[in-house]
Amino acid sequence: MAEKSVEGRMKKVVAEIFNKKVTEISRDTDFVADLHAKSIDIVELIAGVEEEFKIPVVQGQVMRNRTVGEAIDWMDKKLKEMKVKT
Amino acid sequence: MTIIDDFKLLAKKSPKRIVLPESSDDRILQAAETATREGIAKIILIGKPDEVKKKASELKVDLSGVEIVDPSNFKKLDMYVKEYCKMRNKSEVIGRNLLSKPVYFGAMMVKMGDADGVVMGAVYTSGDVIMAAELFIGLQSGVESPSSFFLVDIPNYGQLIFADASVNIQPTAEQLADTAIASAMTAKTLFNWDPKVAMLSFSTKGSAVHPDANKVIQATQIAKNKAPDIKIDGELQGDSALVPEIAQKKIKGDLGPVAGKANVLIFPDLDAGNISYKLVQTLAKATCYGPILQGFSRPVSDLSRGAKVDDIVGTIAMLGVWFQRMTK
């Protein structure tokens with residue numbers, strides 16, 4: 001069954017970009033300290049997030065998220081804001 | 001005649017395919033028109049043909065002879081996506097998303113041999129340009145981090161290369177060594193010089209003992225190990241690098257091929273490089289061309305976002321000549 005929650009979908013994207021299993025990704029996973037994210041990974045992460053959530057993402061916004069949990073909360077908020085607008 | 005005029009003349013002899021991904025910018029369309037009309041390059045614009053032509057018509061820009069490529073309809077798109085996914089071990093959806101963006105698509109055209117060089121940076125930030133170049137075009141052999149340089153043309157003196165000019169703020173010894181190797185390659189391929197690379201410091205051959213001087217000594221050694229054929233020396237002060245009489249006073253014994261005769265100056269950090277070029281520009285009335293990216297396996301330019309149309313045309317000419325000489 002396809003993952004529906006923002007948390008699950010975000011973890012799936014992060015796991016793919018960093019070549020990890022979804023079970024290895026938690027809310028506390030730190031992009032730099034744990035996943036050793038480089039700029040190239042962030043560009044690909046943005047591409048993955050854009051495709052998964054079907055929204056355009058600006059690099060500066062996503063760079064503010066230090067952990068996967070922060071990225072999940074940021075996306076959750078962004079999706080809710082978009083719902084309000086539509 | 002400026003060096004850019006020389007590049008324009010040389011570029012016309014064998015016009016190369018230069019891709020301009022930022023077709024939404026007025027200056028890019030104007031530069032595309034000029035470069036095509038003057039026979040400097042075969043220009044490829046990235047964008048939706050209808051939108052590009054509409055904008056050109058509003059600007060009264062004639063795009064005859066300019067190729068307009070729409071990534072979504074490009075016949076080799078599937079091949080590009082496949083190549084990207086193979087290169088980065090990523091799914092098709094990631095590759096397709098990235099290659100829908102002009103900055104990455106333009107760089108990929110260079111990688112795949114469908115363009116010879118890419119000029120961007122009028123709209124995209126330096127970070128975007130460097131990322132696209134690193135990701136798609138790749139670095140030249142023996143170099144692990146990109147850098148940039150200025151060509152500094154000093155009245156009554158001559159021309160020097162100053163590096164790094166804009167990329168590495170506080171370089172490690174390894175990055176400094178890479179900047180030296182890339183600058184030597186630039187001097188040789190782009191300017192046809194015999195490069196003599198000075199690794200600058202506030203110390204000449206141990207005259208001061210400090211970790212910063214040690215970093216330059218270490219970088220010199222790394223560069224020598226990685227590229228044994230280049231003429232490189234350090235650590236040297238500015239005068240020891242440029243003035244033979246002073247080099248002779250400060251260095252005991254044989255000066256070697258660089259001290260007192262350097263034509264490529266590698267600064268220990270971006271503070272030193274930036275301050276130096278600004279001082280030479282202001283006090284010696286030097287003309288400074290750049291910053292120009294180097295260290296990539298194919299020519300890439302990161303324009304200043306304030307670049308004028310003439311600057312863009314000059315950059316297109318320079319990149320064309322660079323490719324001619326890289327592949328000679």
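Reference entry: report on the structure contained in this document. Just so it is clear, the structure is predicted and the values come from calculations on it, not from any experiment.

Conventions used here
Sequence order as written defines the numbering, with residues in each chain counted from 1. Chain letters and ligand numbers both follow the written order, the letters beginning at A and the numbers at 1. Two thresholds apply to this predicted model, a pLDDT of at least 70 for residue-level local features and 80 or more for giving and counting side-chain atom pairs, whereas whole-chain, interface and lining totals are computed over all residues. Note on conventions: DSSP H or I runs of at least 4 residues are helices, E runs of at least 2 residues are strands, and numbering of each starts at the N terminus. With the radius of gyration taken over C-alpha atoms, the globule rule is written as 2.2 Å times the number of residues to the power 0.38. Residue burial is a threshold on neighbouring C-beta atoms within 10 Å of the residue's own C-beta, all placed from the backbone, with 20 or more meaning buried, 12 or fewer meaning exposed, and counts in between meaning partly exposed. C-beta atoms are first placed from the backbone for all residues, and any pair lying within 7 Å is then listed as a contact. Note on geometry: axes are lines fitted to C-alpha atoms, helical ones only across the stretch in contact, with angles between N-to-C directions running from 0 to 180 degrees. By definition, any crossing whose near helix is turned counterclockwise from its far helix by less than a right angle is left-handed, and any crossing with a clockwise turn is right-handed. Polar here means any residue other than Ala, Val, Leu, Ile, Met, Phe, Trp, Tyr, Cys and Pro, which are nonpolar, and Asp, Glu, Lys and Arg, which are charged; Gly is therefore polar. Pairing between two strands is assigned when DSSP locates at least 2 bridges connecting them.

Right, let's get into the overall build of chain A. Broken down by element type, chain A carries 4 helices and 0 strands. Mapped from its N terminus to its C terminus, chain A presents α and β elements in the order α-α-α-α. The C-alpha radius of gyration of chain A comes to 12 Å, within 12% of the 12 Å expected for a compact globule of 86 residues. Each principal axis of the C-alpha atoms in chain A carries an extent, and together these give about 35 × 30 × 20 Å. Looking at chain A residue by residue over its 86 residues, the buried ones come to 23%. The contacts in chain A between residues at least 6 apart in sequence include a share of 58% that link residues at least 24 apart.

Residues and elements named next belong to chain B. Packing of helix H6 (residues 102–111) against helix H7 (residues 126–137) brings their axes to within 9 Å, and their N-to-C directions diverge by 40 degrees. Here H6 runs over H7; the crossing is right-handed. Mapping the contact onto sequence places Val103, Tyr104, Ala107, Met108, Val110 and Lys111 in H6 and Asp128, Ala132, Ala133, Phe136 and Ile137 in H7. Tallied by class, the residues present in the contact of H6 with H7 amount to 9 nonpolar, no polar and 2 charged.

What follows deals with the sheet that holds strand S4 (residues 117–120) of chain B. All names here are of chain B. Spatially, 5 strands are ordered S3-S2-S1-S4-S11 in an open sheet, and the strand pairing comes out parallel. Strand pairing shows two members of the sheet lacking a second neighbour, strand S3 (67–69) and strand S11 (300–302), which therefore form its edges. For this sheet the average axis-to-axis angle between neighbouring strands, irrespective of direction, equals 25 degrees. Note: strand S2 (residues 41–46) against S3, 3 bridges, orientation parallel. Counted as the bridge partner of Ile46 is Val69 from S3.

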